[in-house]
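Single-letter residue listing:
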Amino acid sequence: MKEPDDQDTDGGKSERSKSDARQSHSSRSASKSAMKEDYKSVEDTTGETFTEGEESYLGDDESYVEHLEGSSSLFQDDYVESIGKSQYMETPVADAEEAEEEVKKKIPESFFYDYMELASMPFVTPDSNIPLDLLTLVHSFGYDCRKRANLQLLDSNMVLYIAGNQLILLNLKTKEQTYLRSSSGRGIGVIGVHPQKTYFTVAEKGVFPKIIIYEYPSLRPYRILQDGTDLAYAYVDFNSNGTLLASVGGNPDHTLTIWNWKEEQPLLRTKAFSQEVFKVSFNPEDDEQLTTSGSGHIKFWEMALTFTGLKLQGSLGRFGKTATNDIEGYMELPDGKVLSGSEWGNMLLWEGGHIKVELSRASGKPCHQGPINQIMLDEGEVITIGSDGCVRIWDFETIDTADTIDETGLLEIEPINELQVDKNVRLFSMIKMNEIGNNFWLSQDSNGAIWKLDLSFSNITQDPECLFSFHSGAIEALAVSPLTYLMATTGLDCSVRLYDFASKTPLVQMKFKQGGTALAWVPRLVSNGGAQITAGFEDGVVRILELYDPKGLTVFVGRKRVSDADIRLKQVFKPHTSPVTALAYDRDGEVLATGSKDQTVFFFEVERDYKPIGYITTPGPVCQLTWSTASHPESTLLIICENGYVLEAPFPTIKEEEEDHDVVSYEIKDMCIKCFHFSSIKSKILRLIEIAKRKKQKELKEKEKEERRKSLEAEMGEDGERELQGEEEEEEEPLPEIFIPLTPCHILCGFYSGPGKFWVSLGGYDSGFLYHCEFPPYDKSSDITEKKDEPFDFRLLEDTEDNPITTITFSINQEIMFCGMQNGAIRVYILNKNDPSLTNMEDYWHFSMHDNNYGCIKAISTSFDDRFLVTAGADSNIFVFNIFSEFELKEVMKAKVPSPKFGIETEPIPEDIEDPKAYSIENARRKREHDKLMKEGEEIKAEKRERIKALRNQLQKLLQMNEELPKHMQFKRTDFDLDSKIRAEIDRKTANKIQQVEKELAWEKEKHQLGLMKLQNRFRDSLESDTIVVHAIQSDHKISSYRLVKPSKYSKSKRPSQSERRASKFERFEKEGTGRKDSQRDTGGSISVPEESIIEKGKKFRPKTLSEIMVENQIEKTRKLILKAERAQLKIQQRKKEWEEMYKSKPDDDYEDPKDVQAIKEAQLYMGDFNLKTAPDYKIPEHMRINAAKKEEELGYLDSMAYSKKMHMNKCIVSLRDLKVAVIEEIQCLVQELKNIQSTLHVSKHIPIPQIPQIHPEEVPEKRFQYDEETLLAFKQQQMKNQAETAPQVEKAASAGSAGSFLRLSSGKDGDLTTRDSLSRSSKASVFNLDIPKFMEFERTDPTEVELEIMKRDEIKHLYMQQYLINRIKELIVTFDAELRLLRHQKMKLDTQMKLSDLHHVTLFQEMLLLKNFEKQENILQECVNSLDKEEQDMQWKINETLKEMEEKKNEVAKVQDQETALYAGFQAALGENNKFANFLMKVLKKRIKRVKKKEVEGVADEDKESDESSEEESSLESDEDESGSEDEVFDDSICPTNCDKGLFELALQLREKRLDIEEVLVEEKKMIDNLRKEYDTLSKKVKIVATNLNMAEEALEAYQREKQQRLNELLVVIPLKLHQIEYVVSGEIPRDLSGTLVFSNHSLGRLQERIVQLHEENSQQQKLNKEYRERRKQLIREKREMAKTIQKMEETVNQLMVSKFGRVINLEALQTLSVNTTLEELKIKKLRKELSNTKEMKMWEEKIAQVQWELMMKTKEHTKKLHQMNDLCIEKKKLDSQLNILQNQQGNAFQGPRKADTVAREKVTELIQVQAQRILALKEEVVLLRKKGGLVLPPIHSPQENE
């Protein structure tokens, strides 16, 4: 089935498909004749017809033809032309019939193909002596671990996988490999194994590739399937019984084909999808269902039988809300659902083409960290493997029944088991090993390994075992030992591996942090044992690795012998900053050259531990380095760059060690480097070939022409010659133009051919040739970027137009050239001896080995003895070949691992360079030189600073000397300036610099301000109060406040209650509205009050009529009678009610008080059994159940309490700090006053002044955020001092100098401040001193006695004040310290409480988190319980309502039955005694008749409603008493018998109707009772079911609560205890383990102890009560007997009195309730009232008529007045008309034409007349209406003028 989006192709995918197709096409390496044969065979195969389902296939192929139009011209011309016709054109009918006949012929079961005819063979140039088995595959060390399904199992020991163009069968036990070649020679796409393991399929690549099915274990080709895809197969799969095979193609067609593989016939075919398809598989339970998945899709297929035949119908999976992703692994479930993986690691369950649910792990974790690559079902368990290296086992039932529970579409499940294979493992596929009793699996690791996994998950489960380890990804480099059969490889998988390729054994590997890019085996001249390898890595590091045999080491006791070889790091250095691409040792082993993509070549001196010699720069990235051979006179280095440059560098000059100290860089600038800049000559070569071809064709034509001329001359003579001359010569086509690519083609490889000459192979446009080039002479002045050099010779390479040579190596004797091709093929050229010019390159051997699409050969090398050839490709494969030799030796070979050198165990391993950002050798030297220059510069700066410092000191001395001079001799400060302009200029420049610096630092300033603001927002704004530490003044005591943050989210403010909450606007509006309405009602009522009061007053003073007095008397009389009867009835009912209540309150004989029952039950449950919360059967009381919300509230309450206490304490501490500030201020004032006092006293009488306390910085933390310039400078000084301490000596000196300047500046500023203070003090002192001389100016006289007395008094006063002030200071200090100690004591208590609250907070928070985890399920269970409880209550309410209704119906039935009994009794009483017609009348009464339907009487309106109930209204009731004998006796009840009282007869008929009504009512009531009883039974059953479910739900909730309580019990609670609080003592000691103890609070323990006393008291009290109640019971029994006797006596007395008074026993209740006929009295009263009301109504209408007549008279008068007005207006109108006519006659002669004013006036008058006419008509109509009674009066019509 073709999908709508099959035609839409992604751009990236299409480009990739183009390139894949181009590579596949370009991989053709056979000769032209072989190609023609291939195409011929392709055309033959495509001639067959397609079976059903080919229509969509052909339709899709049309789009493929269009798609190919964008491909390269080569592909289009060569590929489409060769196969397009046969594939895309309709097949003739005759061919189709022949094909159908061939299909009908069945292939025999025993038929096999010949493998040798199918397998691709090497191509050898015809007529050459090259043997076909020139190279024989010996072993494969690689594994394409990133190829899908590239690990298959044939039996328990045989593994199958693809390696390039080979299929390898690996025996797991013997490690032997068996190889099967591809038939196309263009690679293998995919492999598959039959379910019975007897066959396996090999789906190949190429043009119309085949699917070959081999039989196992014979390995013979059994069946071949053709025409399944265009270029390559992507996946194959057998159905469950192996009868069908499904295949899906790769780019570009993606064809899905279902094969009957045994008959080699396709059954169904269609296009799978427009993008890459990864996998196809059958449903194991249904062969008619398939699934495909791939890039961004999953598709579900079904074989459907349509009217045109069997078709494949596909349904594309819709991802919906889920992101579209590539689906790698999936699995079909038995019921048709599909379980797939996803890129993010979750599993997707598909049903009906949509995602049913997405499965993840708990807490939203994915099932795997990364894509899920495979999903399998094994033994009822789902197994998933992922790129995270994990294998997880899931429960199948959980997945199969999974469904969404919310809108997210996610369902959380957990695996049953899981296995983490290892670190750095990416599992790609897995297959089960069929070993009985074991659960072993083989797994493909895309990081280069095959693992054996044990998934039994038992106690004896084995650890994952790595069976084989390989390179992952492309192999970048290969090196072979010069002494033995060892080789080393490296790749971007960060490993270096060593192999013994002779014995086919991998030896050892070493892992690094970065990937390897280059390798070179150290030559024998350097390492005699061949034990060293040089490796280059992608971070520019070069490492020297040493290989040794660990068996040769000294064996210590307990040492484990690991392997036959080991590697150790010998040396490491970093010459480059980009990947190292080439390593080369010169021919003498003295110099190592390293090339890199950073466009440098570095030289190292090998003998001196690879000491750097220097480096040269290249014009492009280096791709190959080759030293000249010994045949060259000088040792030179051939440097090949990717971008077309080839350089030749001479042997570098090795300098002595003394000359190396002063060198700034390692760059070698004086090296004479020759350069060759390749310029394309391919177009010239093609032009020359075309010229030669045309020349040859021309010569042939001339020769033919000459022969024709001779023959015509002989035949026709001169006429023949004229005829030849008349023939026109054909015009020649223009020669191909010279083309040079704009971007130079990459040079892939090259080698020396002689001194100054070399061969190169290029890719891109210039491929297809080997170019022979020669270096031009060295010219120092020439620019190498502008020069263009051309090769002087070339060699044409056949079939390499799109398949260039990527690497070349030679045999030892240079007679064989081995070439590695871009498409993974190996080409071997046989050369002549000593022929560096490659004169003979016609004969070659060509064979495809690596993958043709991505298996480019990266390295190729021969062994040291030319016996083996080793190739390494980008497809992770390493092949070892045996080179053909006539003297082949058969003995088993094994490489010799070098022995370790002496003392290798004690040699220190050098420190490896693991940091990719580490300095290279050149960068390190440059930095060292830069540091040296900086050091010298800093020394010069320091010297200059010292000189400036000396000059500054000299200036300071001069200034000081100047100040010491007298004022008149002092120089001014400006006199020291040499030139005032200089200072002004300096100031100006300084200001400009400051302004410039401010501008430059504006961004930094803004940045730091924002940073400061963010820091404040993050750390400071969230603080409620910072820590304040208040120190005592005399002691060391101190107190610190709490550092409080703002309240957390849990400490929420208390919500206002409903009573406290402010009324909303709507509520206020409603209140106001109702108030307004009430007020309006009140006002309305008040308005109506006067009118009503007037009426009442009128009624009061109006005399009553006789009829009213009669009515009132009758009413009063009736009211009294009714009231009397009602009182009697009420009294009787009340008495009945009291008796009923008393009888109801009477307990049964087995009655028990509910309180006692409950008390007994509680005692049985809890007495003597105090269940702990840890008990398994502990039942949580309802009031003690807690949830996350309550716990959060509790946590918030705790936080708010702690917060409030801390805030209160902080306020106290702040108040204390403020008190200290006030105390210090007061002390300062007192000290100042004390100083003033002491200034007047003699020194000997001075008391030491106490020191003024200081405010510590900790006491005012808010001042830390207040800063000024001095603070910033001090901070900078401190920062620089810290840097100076940590920096090296050079930086220390520099920073010390700058810090010194800052110190001087700050000290100067401080000095200024101090001098300013000193000046102020000195000024004060000077003021004081100046005052003294004023007094001393007068002559000093001796004081008088009075003065002495005054002075003495002052002295005494000052001494007292001095002592008082000192005492006051001490008192202030002591008081403050006492306050601090008191508050400190309180804070210590609060600290203890806060620590306990913190511990409690932690516990509460843990409980809250735990409760939140339980909350979801608990809410579900609680909702279930609540719903069931509500349902039970509703049903119970319904049952109660039903019971009530049943009771009511029963009461109604009883009442109806009582009515029937009363009816018979009344009729019997009416008959009287001895009535001879009694029987007849009774029969009439009891006769059964069909009643007339009520609808005939009630009217038509009720007919429709009651038509359905007509049958129910027919009476068919029988009498309960039949005294008249037989029912069949017929009598006439329509005629009254003679002599029978007609009144009784009529009464009998009336009562019969009543009886029938009663019987109908009884039937209806009984029916309703039956229905209610059925409803009651149904509800009772439902209630039982709901009660059962409720009990189960409550039990589940209780179990969940118990589980929650157990989890809460597991939380640790910290309780600090003292030793005296521990009363758990064993043998007089406190045990170490207190886990079995209980912790009680003192209050709880006290309550328990009090409860013991209370229980004793209660016990004695209950015994007393029991005794009293027993006595009381005996007394009550006696009183009951006596009361029964008294009641009996009173009943007898009452009966006697009734007999004596009434003659018989009567019903006193009936007697008491006898009263007047209330109905009759009420009717009489109604009649009187009706008469009165009618009289009043008549009077009211008479008054209304009078009022209306009066209104009519008033209206008539008004309209008469209006008629008079109208008459006046008419007269006025006539007058105006006459005046108007007169004016018109008078003025008409004066004016000839009408004026505008006249016209306007006329229009106004006309309008006025019309209005007046309308008014007149209206008035007339109004008059007519008024003449009629009740006429409608319309409002008067106003004129427009009036309206305006």
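Residues numbered from 1 in each chain as written. Predicted model: local features only at pLDDT ≥ 70, side-chain atom pairs only at ≥ 80, totals over all residues. Heavy atoms only, no water.

Before going further, it helps to spend a moment on the overall build of the chain. Regarding its fold elements, the chain presents 29 helices and 62 strands. Across the 1844 residues that make up the chain, the buried fraction comes to 37%. For the chain, the share of sequence-separated contacts (at least 6 apart) that also reach a separation of at least 24 residues comes to 61%. Accessible surface, the chain as shown: approximately 116000 Å² in total, 53% of it carbon and sulfur. (Helix = DSSP H or I, 4+ residues; strand = E, 2+ residues; numbered from the N terminus. Buried < 20%, exposed > 50% of the residue type's maximum accessible area, 1.4 Å probe, protein only. Contact = heavy atoms within 4.5 Å. Areas by Shrake-Rupley, 256 points an atom, 1.4 Å probe, with all protein chains shown as cover.)

A few words now on the pairing of strand β7 (residues 188-193). Within β7, 6 of the 6 residues are buried, which leaves the element mostly enclosed by the surrounding structure. Across 5 bridges, the pairing between β7 and strand β8 (residues 199-204) is antiparallel. Following the sheet pairing, Ile188 is matched in β8 by Glu204. Between the end of β7 and the start of β8, which pair antiparallel, lie 5 residues, with Lys197 showing a positive phi angle near 60°. (Pairing = 2+ DSSP bridges.)

Turning to the packing of aromatic side chains, a few remarks are in order. Counting across every chain of the model gives 41 aromatic pairs. Pairing Phe123 with Tyr844 gives two aromatic rings, centres 5.6 Å apart and planes at 50°, and the pair type is tilted. A residue pair is termed long-range when its members are at least 10 positions apart, and Phe123 in strand β1 (residues 123-124) and Tyr844 in strand β55 (residues 844-848) qualify at 721 residues. With respect to burial, Phe123 and Tyr844 carry one shared label: buried. With centroids separated by 6.4 Å and ring planes inclined at 20°, the aromatic side chains of Tyr1360 and Tyr1364 adopt a geometry described as stacked. Of the two residues, Tyr1360 and Tyr1364 both sit in helix α19 (residues 1345-1471), 4 residues apart, roughly one turn of that helix. According to the relative accessible area criterion, Tyr1360 is exposed, its value standing at 56%. (Phe/Tyr/Trp six-rings, centres within 6.5 Å; stacked < 30°, edge-to-face > 60°.)

Looking at the chain as a whole, its pLDDT mean stands at 80, while 81% of the residues score no less than 70. Residue range residues 1494-1529 is modelled with pLDDT below 50. Its contacts to residues more than four positions away, or to other chains, number 34 contacts. (pLDDT = per-residue confidence, 0-100.)

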